Protein chains: 2
Amino acid sequence: MSVTVVGSIAFDAVKTPFGQRDRMLGGAATHFALAASFFDQVHVVGPVGDDFGDHDLAVLATRGTNVDDVERVAGGRTFFWRGEYGWDLNSRETLDTQLNVFADFEPKLSPASLESDVLFLANTQPALQRDVREHCAGARFVALDSMNLWIETARDDLLEVIPCVDCLVLNDAELRQLTQKPNLVSAAREVLEWGPSVVVAKQGEYGAALVTAESFFALPAYPLETVVDPTGAGDTFAGGLVGYVARHLDRAFDDDVLRQAMAYGTALASFNVEEFGTERVARLTADEVHDRVAHLEITRFERATVELVG
Amino acid sequence: MSVTVVGSIAFDAVKTPFGQRDRMLGGAATHFALAASFFDQVHVVGPVGDDFGDHDLAVLATRGTNVDDVERVAGGRTFFWRGEYGWDLNSRETLDTQLNVFADFEPKLSPASLESDVLFLANTQPALQRDVREHCAGARFVALDSMNLWIETARDDLLEVIPCVDCLVLNDAELRQLTQKPNLVSAAREVLEWGPSVVVAKQGEYGAALVTAESFFALPAYPLETVVDPTGAGDTFAGGLVGYVARHLDRAFDDDVLRQAMAYGTALASFNVEEFGTERVARLTADEVHDRVAHLEITRFERATVELVG
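Below you will find a few notes about this structure. (Residues numbered from 1 in each chain as written. Chains lettered and ligands numbered in written order. Predicted model: local features only at pLDDT ≥ 70, side-chain atom pairs only at ≥ 80, totals over all residues. Heavy atoms only, no water.)

1. Describing the interface of chain B and chain A
At the interface, 56 residues of chain B touch 56 residues of chain A. When the two sides are added together, the surface that chain B and chain A hide from each other amounts to roughly 5,100 Å², 58% of it contributed by carbon and sulfur. Its largest share of buried area at the contact with chain A, chain B owes to B:Y206, B:F301 and B:L308, together 14% of the area lost on that side. Put simply, chain B and chain A have four salt bridges between them. (Contact = heavy atoms within 4.5 Å. Buried area = accessible area lost by both parts, 1.4 Å probe. Salt bridge = Lys/Arg side-chain N within 4 Å of Asp/Glu carboxyl O.)

2. Concerning the packing of helix α7 (residues 172–179) of chain A against helix α8 (residues 184–194) of chain A
All names here are of chain A. Contact pair α7 / α8: the axes reach a minimum separation of 9 Å and the direction vectors enclose 60°. Taken together, the axes of α7 and α8 are oblique relative to one another. Where α7 crosses over α8, the handedness of that crossing is left-handed. Counted together, D172, L175, R176, L178 and T179 of α7 and L184, A187, A188, E190, V191 and W194 of α8 form the full contact between these two elements. Broken down by class, the residue content of the contact of α7 with α8 amounts to seven nonpolar, one polar and three charged. (Axes fitted to C-alpha atoms, helices over the stretch in contact; angles between N-to-C directions. Helix = DSSP H or I, 4+ residues; strand = E, 2+ residues; numbered from the N terminus. Parallel < 35°, antiparallel > 145°, perpendicular 65-115°, else oblique. Left-handed = near helix turned anticlockwise from the far one by under 90°. Nonpolar A, V, L, I, M, F, W, Y, C, P; charged D, E, K, R; others polar.)

3. Quick look at the packing of helix α1 (residues 28–36) of chain B against helix α9 (residues 233–247) of chain B
Residues and elements named next belong to chain B. Relative to each other, α1 and α9 sit at 40°, their axes nearing to 7 Å. By the criterion of interaxial angle, the relationship of α1 to α9 is oblique. Considering the relative orientation of α1 and α9, their crossing is right-handed. On α9, the residues that touch A28, H31, F32, A35 and A36 of α1 are D235, T236, A238, G239, G240, V242 and G243. In the contact of α1 with α9, the residues fall into six nonpolar, five polar and one charged.

4. Topic: the relation of the copies chain B and chain A
The two copies are related by a screw operation: chain B maps onto chain A through 180° of rotation and 0.0 Å of translation along the axis, at an RMSD of 0.0 Å. Both copies are brought into coincidence by an operation consistent with a two-fold rotation axis. By residue overlap, the copies meet face to face through one surface: 100% of the interface positions of chain B are interface positions in chain A. (Least-squares fit on C-alpha atoms with pLDDT ≥ 70 in both.)

5. Focus: the packing of aromatic side chains
A full pass over the atoms with the stated rule returns 19 aromatic pairs over all chains. Summarising the aromatic geometry, the rings of A:F39 and A:Y244 are spaced 6.1 Å apart at their centres and angled 75° between planes, so their arrangement reads as edge-to-face. Here the residue A:F39 occupies a position in the loop between α1 (28–36) and β4 (41–48), and A:Y244 occupies one in helix α9 (residues 233–247), the gap between them amounting to 205 residues. The two residues A:F39 and A:Y244 agree in class, both being buried. Taken together, a centroid distance of 5.7 Å and an interplanar angle of 35° make the contact between B:F11 and B:F52 tilted. Of this pair, B:F11 sits in strand β2 (residues 10–16) while B:F52 is found in the loop between β4 (41–48) and α2 (54–60), placing the two residues 41 residues apart along the sequence. The exposure class of B:F52 is buried, given its relative accessible area of 2%. Ring-pair connections join several aromatic residues into one group, and the members of that group are A:F39, A:Y244 and A:Y264. When the ring centre of B:F11 is taken as origin, the NZ or CZ atom of B:R23, which lies over that ring, is 3.8 Å away. (Phe/Tyr/Trp six-rings, centres within 6.5 Å; stacked < 30°, edge-to-face > 60°. Buried < 20%, exposed > 50% of the residue type's maximum accessible area, 1.4 Å probe, protein only. Lys NZ or Arg CZ within 6 Å of the ring centre and 35° of its normal.)

6. What about the environment of A:L99?
Its location among the elements puts A:L99 in the loop between β7 (92–98) and α3 (111–114). Accessibility expressed as a relative area gives 40% for A:L99, which makes it partly exposed.

7. Section: helix α12 (residues 286–294) of chain A
Residue and element names in this part refer to chain A. Where α12 is concerned, the buried positions are A286, V289, R292 and V293. Buried residues of α12, viewed axially, fall in a sector of 130°; they line one side. Buried residues along α12 sit against α10 (255–272). (Arc of directions from axis to C-beta.)

8. Thoughts on the sheet that holds β4(B)
All names here are of chain B. Strand order in this open sheet of nine strands is β5-β4-β1-β8-β9-β10-β11-β12-β13, and the pairing throughout is mixed. Only two strands of the sheet have a single partner each, and these edge strands are β5 (70–72) and β13 (216–219). Averaged over all neighbouring strand pairs, the angle between strand axes comes to 15°, with direction disregarded. Across the sheet, helix α4 (residues 126–135) is in contact with β1 (2–6), β8 (118–121) and β9 (141–145); its angle to β8 comes to roughly 170°. (Pairing = 2+ DSSP bridges.)

9. Remarks on the pattern of salt bridges
Side chains bearing opposite charge may pair, as long as their charged atoms lie close to each other. All told, the structure shown has 33 salt bridges over all chains when counted by the stated rule. For B:R259, the salt bridge goes to B:D255, with nearest N and O atoms at 2.9 Å. In this pair, B:R259 and B:D255 are both assigned in helix α10 (residues 255–272), four residues apart and thus about one turn of the helix distant. In this structure, the salt-bridge partner of B:E274 is B:R292, at a minimum N-O distance of 3.1 Å. Linking B:E274 in the loop between α10 and α11 (279–282) with B:R292 in helix α12 (residues 286–294), this pair joins segments that are 18 residues apart in sequence. Using a relative accessible area of 12% as the deciding quantity, one classes B:R292 as buried. Via salt bridges that share partners, A:E274, A:R280, A:E288 and A:R292 belong to a single interconnected network.

10. Re the pairing of strand β13 (residues 216–219) of chain A
All names here are of chain A. The alternating pattern of β13 places F216 and A218 and F217 and L219 on opposite faces, both of which are buried. The pairing of strand β12 (residues 208–211) with β13 spans four bridges and is classified as antiparallel. Bridge pairing in β13 places A208 opposite L219. Taking the residues that link successive antiparallel strands as the turn, the β12-β13 hairpin has four residues.

11. Here we look at the sheet that holds strand β6 (residues 79–85) of chain A
Residue and element names in this part refer to chain A. Taking strand neighbours across the sheet as the criterion, the four strands line up as β3-β2-β6-β7 in an open arrangement whose pairing is mixed. A single partner strand is all that each edge strand has here, and the edge strands are β3 (19–26) and β7. With direction set aside, neighbouring strand axes in the sheet form an average angle of 15°. Of the pairings in the sheet, the one linking β6 to β7 comprises six bridges and is antiparallel in character.

As structure tokens, then:
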């Protein structure tokens, strides 16, 4: 079994109230791979420029991730994003986006990447996601992320690719925007009618919710006293979620498996935000992940009988 | 045992994307009492005007709530609030606030109200809350709600009353504003240092979190496909929470009890938002409450062992 992720590999410049980095490894595919690599062999497909160093590639290859399909574009520069977060980290402003080699990205998947059982279409143009989806015809679990930009500028393309995937992962506000339904549950049910079996709404510091035809599940974010940099949290979450599913592919759509996958995604995302960029997850250990999942007791309460009036 | 609530009784005019009411019974004390009355004898202390009818009083007295301390101010009019909610119900605009008899409210507690073991100081001026707190010297569990207005205009008074209560219940944004700490966990820990043993952060559609010195607990809101009117959800939640604690007063600070109290608060708040104002909770039955608490399985997942890489 293996997991292929297609998406951005980037350098990020990030300023938060707790510090800043002028240039750190980032990108959706990077954060996803660093999390999913705990569970399965990951293949990363994405472009980088001449400025992408051996050390960056080594981080991407953490826990055995295959980087053969990281395409080095001669004469090009790696996707660059600069952003700044507000006081409570709930708002961020994009100060600069240089697509660079990502602007003309045409994914070239090696046979190994094409043959993965699990595919994550990280946030890119929906037409490109659809193209990759069609090439990976044998994938048994395909998840897709998107963003407000594509909902606004490529809505038709997005509505064409969503029916071709098993799981849609979106921020909750984007899920509302996409479906034009103000309520999370009804928005998710709308997407389920389009084809996917699973809808996951990312809710930032509040956690995430999972909706299937039979079930609703929600998990608050792991409580942290120190959050340093939220960049990449959503993709790290997706990496934990999809990675866990990949390891249980014969039961990928079982409610138990999906709920456990949410727990691993939640745990991994919580590590991601404790330091800048990939710093924390790159050196994370399996024991630390297990420990944090075990501490997701934050939602556990015992049933008790109380006699009520009325 | 009994629970005394001191706060506003109001008429609300509310417009949401799903309809409107020009004048419906509302107010913090009202919503709190309708929920807490499932658990214990409630005494409501608050002022109304000549415009407050017998039917309104009958609703307030649902499930045996004692309304002897509802003060009818001759020649006065009841507190009136008019507001409108946005598309996704996450934003609301106050269009009109007429304090009326609430402007000069000086709580007069009968012996029965004074002798309650449990006291809820609903959102009013902090100096008034402190005064009531001092008069109810024997109360064994006292919870307090407040709002951004008082944090901005009566901060010193608020910082004087908070150390005198056991439980602070606030919206999460207000908790950050109060403590000037951007992180929920550290903000709650700051409040714990001021005196309260329990801090509850209301997170609107995302649910609520509970923080004590030893424990963190969070519960997502009950998933609803139809939310009609969020007005009063926070006070209904507080009524369920504090009512449950009142019924288990000998173990009021036990983690188990507090977590179960959060579940009942969550269930009750979810009913409140299904219809306008008090409409749903006024006719709610004990069985319906139990059923919904039983369905708070939305956060339950089984532990599973998975061998991780790394």
